[in-house]
Amino acid sequence: MRHAAIIAIIFTVCGSALGANLVANPSAESGGAVPDSWRAVPAAAGTWCDQGARFGEKSLGLDGAQLRAAWRSDTIPAESPQGYRLSGWIRSEGGTGWIEARFLGARGRLVETVRTPSASDAAWAYVAADLSASSVREAGSVSVVCRAEQGPCFFDGVRLSPLDRNLLRNTELTPMRLGDQDDPAGTPAGWHALPESDSRPVAVAEPSPDAGKALRLGTPGPDRVASYLVDLPDGARLCEMTAQILSDGAASYAISWFGPRGWMRDDAAEVAETGGRLQEVTVAAAPPPGANRVRVTFSLLRGESAFVKPMRLVAVTPPGAAEVEVFVNQVGYEPDGRKTAIVASTRFPARLDDARFAVVDGTGARISEGTLNPLGRVHEGAPDDWGRYYWLADFSDLRETGTYRIEAAIAGEGAESFPFDVARGVIFRATAELAYQFLYYQRCGGDVPGWHGPCHLDDGRLPDGSHVALAGGWHDAGDYNKWMYVEGPPLVLYGLASAYAAHRDYFDAIDRDANGRADLLDEILWGADWLMRMRNPATGGLYGSVSTGWSYWGKAERETDNIPGNDDDRPVADEHPAVAVAAAALAKTAQCVDDGESFLRAAVELEAYAKEKEGQGADRLLATVALWQATGDDAYLEQARACADAVAKGDPKGRQGRALAALALFVATAPGARENQDYRRAIEESLAWFTGMQEQPFPVVAGRAGDAQDMEEPRRVGEWGSHMGLTSNAWAGLACARAIGSQDAAQSAFTELDWMFGLNPLGLCMMDDVGSRNPSAYHHRYFDYPGHRDGAVPGAIPNGIARPPSRRDLDLPYFDSITRDPTSSEPWIPYTGYYLSALAMMEQAD
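Sequence order as written defines the numbering, with residues in each chain counted from 1. Restriction of local features to residues with pLDDT of at least 70 applies here, the model being predicted, together with a cutoff of 80 or more for giving and counting side-chain atom pairs; totals for whole chains, interfaces and linings are based on all residues. Side-chain measures here rest on the full set of heavy atoms in the structure, leaving out hydrogens and waters.

Enquirer: For this particular structure, what's the right way to read the overall build of the chain?
Expert: Across its full length, the chain carries 14 helices and 36 strands. Computed over the C-alpha atoms, the radius of gyration of the chain is 31 Å, within 12% of the 28 Å expected from 2.2 N^0.38 for a compact globule of 846 residues. If one aligns the C-alpha atoms of the chain with their principal axes, the spans along those axes are about 95 × 70 × 55 Å. Taking all 846 residues of the chain together, the buried fraction comes to 59%. The long-range fraction of contacts in the chain, counting pairs at least 24 apart against all pairs at least 6 apart in sequence, stands at 72%. For the purpose of charge, His is not counted, nor are the chain termini; Lys and Arg are scored as positive and Asp and Glu as negative. A charge is said to be at NZ when it belongs to Lys, at CZ for Arg, at CG for Asp and at CD for Glu. Looking at charge distribution, the chain has the averaged site of its 78 positive side-chain charges lying 5 Å from that of its 114 negative ones. Here a strand is any run of E in DSSP of at least two residues, a helix any run of H or I of at least four, and the numbering for each starts at the N terminus. We compute the radius of gyration over the C-alpha atoms and compare it with the globule rule, which gives 2.2 Å times the number of residues raised to the power 0.38. Remark: exposure states derive from per-residue accessible area (1.4 Å probe, protein chains only) relative to the maximum for the residue type, with buried under 20%, exposed over 50%, and partly exposed in between. By definition in these notes, contact holds between two residues if any of their heavy atoms fall within 4.5 Å.

Enquirer: Looking at this structure, how should I read the pattern of salt bridges?
Expert: Note on pairing: side chains with opposite charge can pair once their charged atoms come close. Salt bridge criterion: a side-chain nitrogen from Lys or Arg within 4 Å of a carboxyl oxygen from Asp or Glu. Tallied over the entire structure, the rule returns 32 salt bridges. Close ionic contact of Arg91 with Glu93 constitutes a salt bridge, the shortest N to O distance being 3.3 Å. Each of Asp459, Lys482, Glu559 and Arg570 takes part in one network of salt bridges that share partners.

Enquirer: Can you help me understand the sheet that holds strand E7 (residues 84-92) in this one?
Expert: The pairing of strands in a sheet happens through backbone hydrogen bonds and is either parallel or antiparallel. Taking strand neighbours across the sheet as the criterion, the five strands line up as E3-E4-E12-E7-E10 in an open arrangement whose pairing is antiparallel. Looking at the sheet topology across the chains shown, the edges are occupied by strand E3 (46-49) and strand E10 (125-131). Sheet twist, expressed as the average angle between the axes of neighbouring strands with direction ignored, equals 30°. Strand pairing is assigned whenever DSSP identifies at least 2 bridges connecting the two strands. Inspection of the sheet shows strand E4 (residues 59-63) paired to strand E12 (residues 152-162) by four bridges, in the antiparallel sense. Axes, fitted as lines to C-alpha atoms, cover a helix only where it is in contact. Angles between the N-to-C directions of the axes lie from 0 to 180 degrees.

Enquirer: I keep staring at the confidence of the model for the chain and nothing clicks. Help me out?
Expert: Predicted coordinates in areas of low pLDDT are best not read in detail. On a scale of 0 to 100, pLDDT captures the predictor's confidence in every residue. Residues of the chain with pLDDT of at least 70 account for 95%, and the chain-wide mean is 90. Every residue in residues 1-18 is under pLDDT 50, and counting partners more than four places away or in other chains gives 71 contacts.

Enquirer: Is there a simple way to explain the nonpolar core in this structure?
Expert: The tendency in soluble globular proteins is for nonpolar side chains to be buried as a group. For the purposes of this section, nonpolar cores are sets of buried Ala, Val, Leu, Ile, Met, Phe, Trp, Tyr and Cys residues that join through side-chain atoms within 4.5 Å. Leu586, Phe666, Ile683, Trp731 and Tyr835 are the most contacted members of the largest nonpolar core, which has 154 residues in total. Ignoring sequence-local partners within four residues, the contact set of Leu586 consists of Leu493, Ala528, Leu531, Met532, Phe599, Ala602, Ala603 and Leu606. Among the nonpolar cores identified, the runner-up in size contains 63 residues, and Ala45, Phe55, Ala125 and Val422 belong to it.

Enquirer: Please explain helix H8 (residues 634-648) as it appears in this structure.
Expert: Owing to its 3.6 residues per turn, the α-helix brings residues three or four apart onto one side. Expected span, for any helix, means 1.5 Å times one less than how many residues it has. Here H8 is 15 residues long and its end C-alpha atoms lie 21 Å apart, about the 21 Å a rise of 1.5 Å per residue gives. Tucked into the core, H8 has its buried residues touching helix H6 (597-613), helix H7 (618-631), helix H9 (657-669) and helix H10 (677-693). The N-terminus of H8 is capped by Asp633, whose side-chain oxygen sits 2.9 Å from the backbone nitrogen of Ala635. Here a polar contact is taken to be a pair of N or O atoms separated by no more than 3.5 Å, where protein atoms must pair a possible hydrogen donor with a possible acceptor and residues adjacent in sequence count only if both atoms sit in side chains.

Enquirer: Please explain helix H1 (residues 426-441) as it appears in this structure.
Expert: With 16 residues, H1 extends 24 Å from end C-alpha to end C-alpha; this agrees with the ideal 22 Å at 1.5 Å per step. Bend is computed residue by residue as the angle between axes fitted to the seven residues ending at the residue and the seven residues starting at it. The sharpest bend along H1 comes to roughly 35°, located at Ala432. Across the 16 residues that make up H1, a large majority, 12, are buried. By the burial criterion, the buried members of H1 are Val426, Ile427, Phe428, Thr431, Ala432, Glu433, Leu434, Ala435, Tyr436, Phe438, Leu439 and Tyr441.

Enquirer: Just to check I follow, could you spell out the packing of H9 against H10 for this structure?
Expert: How two helices pack is summed up by the angle between their axes together with the distance between the axes. As a packed pair, H9 and H10 sit with axes 11 Å apart at the nearest point and diverge in direction by 140°. Here the hand of the crossing between H9 and H10 comes out left-handed. Seen from H9, the contacting residues are Leu660, Leu663, Ala664, Phe666 and Val667; seen from H10, they are Tyr679, Ala682, Ile683 and Ser686. The class makeup of the residues in the contact of H9 with H10 is eight nonpolar, one polar and no charged. Crossings are sorted by hand: turned counterclockwise from the far helix by less than a right angle, the near helix makes the crossing left-handed, and turned clockwise it makes it right-handed. Three categories are distinguished: nonpolar for Ala, Val, Leu, Ile, Met, Phe, Trp, Tyr, Cys and Pro, charged for Asp, Glu, Lys and Arg, and polar for the others, with Gly belonging to the last.

Enquirer: Please explain the sheet that holds strand E26 (residues 324-327) as it appears in this structure.
Expert: An order of E26-E28-E32-E31 is seen for the four strands of this open sheet, with the pairing classed as antiparallel. The sheet terminates laterally at E26 and strand E31 (373-376), the two strands that pair on one side only. When the angles between neighbouring strand axes are averaged without regard to direction, this sheet yields 30°. Examined bridge by bridge, E26 and strand E28 (residues 340-345) share four bridges and lie antiparallel to one another. Residue pairing for E28: Val326 is matched across the bridge by Val343.

Enquirer: Can you walk me through the pairing of strand E22 (residues 262-271) in this structure?
Expert: Across a regular strand the side chains alternate sides, sitting on one face of the sheet and then on the other. Relative to E22, strand E21 (residues 250-259) is paired through nine bridges, and the arrangement is antiparallel. For Phe258, the partnering residue across the bridge sits in E22 and is Trp263. Linking two consecutive strands that pair antiparallel, namely E21 and E22, is a turn of two residues.

Enquirer: Got a minute to help me understand unusual backbone geometry in this structure?
Expert: Most of the time, phi is negative for any residue but glycine, and the peptide bond is trans. Omega for the peptide link from Val41 to Pro42 comes to -10°, which places this bond in the cis form. Positionally, Pro42 belongs in the loop between strand E2 (38-41) and E3. Note that the residue after Leu194, namely Pro195, is joined by a cis bond; omega there is -10°. Relative to the elements of secondary structure, Pro195 occurs in the loop between strand E15 (191-194) and strand E16 (203-205). The residue Asn170 is not glycine, and still its phi comes out positive at about 55°. A positive phi angle is found at Asp769, which is not glycine, with a value near 80°. As for its placement among the helices and strands, Asp769 is situated in the loop between helix H12 (743-756) and strand E36 (814-815).

Enquirer: Can you help me understand the environment of Ser686 in this one?
Expert: Along the chain, Ser686 falls in helix H10. Exposure remark for Ser686: the relative accessible area of 0% places this residue in the buried category. It is 8.2 Å that separates the C-alpha atoms of Ser686 and Asp651, two residues lying 35 residues apart in sequence. Beyond its immediate sequence surroundings of up to four residues, Ser686 is in contact with Pro652, Arg655, Gln656 and Leu660.

Enquirer: What is the right way to look at the packing of aromatic side chains in this model?
Expert: Here a ring pair, both rings aromatic, is described through the centre-centre distance and the interplanar angle of the planes. A pair of aromatic rings is counted whenever rings of Phe, Tyr or Trp (Trp by its six-membered ring) have centres within 6.5 Å, and the orientation is called stacked for planes under 30 degrees apart, edge-to-face for over 60 and tilted otherwise. In this structure the tally under the stated criterion is 34 aromatic pairs. A centroid spacing of 5.4 Å and a plane angle of 65° characterise the contact between Trp89 and Tyr126, whose relative ring orientation is edge-to-face. Of this pair, Trp89 sits in strand E7 while Tyr126 sits in strand E10, and the two are 37 residues apart along the sequence. No difference in accessibility class separates Trp89 from Tyr126, as the two residues are buried. One aromatic cluster is present, built from ring pairs that chain together Phe55, Trp89, Tyr126, Phe348, Tyr389 and Trp391.

Below you can see the structure in the form of structure tokens.
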């Protein structure tokens, strides 16, 4: 199924936390005898703890048995107009804790108090509360207070962040960069002269020794300076600009509004001579209808010069409608496995008990209910805040086979998930046929009815101009190239043969073309035939890639004339350096057919080549294990053992994916390997690193980096879709489960697959034609074909969620279905190869 509304998706944040944390020392990490910027009242009630922290090594402890005991932060200046988000983490040892922000006005008058929900869980619980700008307009300062009652509580990661963003960039007036150096003239980035025909550089000066940098208006620089245009946030009802100005005559300051047709209006004010000192000025205005961009403008009206320190341009947005969304694995869950959903909400409830979920069966009956566990936000208080609070629904107790949904309600707003199944082998049953069908539609060198005619029958032209018959194989991705690399055709063939060998009875029952042979076996032979012809007789290795690059966008059958021996034959590179996985693939293929001698001989020859070229690594381990299984020759077993020894000595962080899977496959099959403590330790170390990276709210390893224990640097999604790591680590986890009998290893693999099948922040199921919501379009040449305008290929796995190409610095979850940016929406055959290898490790459906 496909959901037409899913196009280019970025979490745009309206009224979300986009300012820095105003609480100094939020995790209580720094200090001497007491934590910096905090004081306990009374002093005896507070403890500075160095065990069991949520972030770093420290937390604030409080004896809630003492009346009015609290930890208080230093006083923080409050800005207006500005909304705020108060949040933090609380852990209880019998008490109940909460966090307050106390906003004070003139003469210490209490203007407003915002309080988070109370928490009394033994595990760290996230709490938050939002406060609108109108509630604290008269406040000049604020302090954050941690409180507890009835027993001890602990606090960590305390945050007070502005809700409404400062649209001005580079208020520090740092110079623009020219190449790898600062502009010698000191022209500040993000600022320009007006009119734009004025070529004089914008000047930066210091009006007094303690004033810091300011824009200088007047000769020899321009009299008018403006910020660059910025987008006006959706729903902004007011913008307020604040600056400091020193003028010897008169100056003006303005908010300038722009719409689709250009300039619309200036909302300006003037300041007269300021007496040699910086004077703070403010102008506020509502945007005119249709405005979508805004800037600030400063002008010298009279006098010789003016100095301007831009401070902020705040866009105030009203609280949006409460929204709740539920993300699940849209394919399903194993009865005995862990089952979770992630719930996203735009508001935080007044009580944690007001965030609940229920499991609902196909008749609408509620099977079970539970409380949602708050998980916090992603990049809270940063420009790339994901715009939602996240919650965990754990329904692992659900074991009965059936079709279900998750209903969730937070603060009176509800939503339900897409349906999912609970059944043994549910992932295998729903996806096994689709996985290899994708390769059928990617075939090159033949007719794919309903998709394309016979194509590239004239592959390929060698560097010396001679022709070698290399028609066949698979188109690599959304293009028509046939790249030769380890994770490409060799790994795909290895995955196909491994899946068939592991589940022969299941696949033999699927013969939709009625040719008397399993459709999966048809695909194995299609790929094996091409790989056999890719052997280079001059070297004993493999030819390289067959490619004309990425410039051709027409139909596959029209790229060349399909007549071998002329100038439009696609060129083939002379040599590919790595062949061990190809040897493993052909050895596996030999085990899938009755007469596999030719494949086995080729595998033996390629492995001998790899032995000279590739050393003792994971790829040769795959090859030697496959050859030992195919031949029964103990010489290959001993070579495999030497390769396994080398892999087991590697860094656990680097021993992931294919390397970890290779070691686990050896341990699972080689005599005595399970008893080898070095192998077991290597697998367990890798799994420990792997599961440690699977942190909330979306527990997926692939494509992530950053320190999990640092509240300011949570793990980040990759700049490129992460399905290479996801599918390869799913294979590794399942192989490890088989090697050492670890259910945790199997669960780590299915946790990775949860993300791919819809348990992700965009709610997209990333294998086409399964699940309830697939991407609405893909980066693929097939979208030029009638009937395939969305570029979707059944079983396709695209690159996956990435960062927006226009802002790689922002870690926002992104999938592009409009411009078909390849970083997210292009399918690629390596993912299918790895996924087929993972299928080989799965249990079949009942």
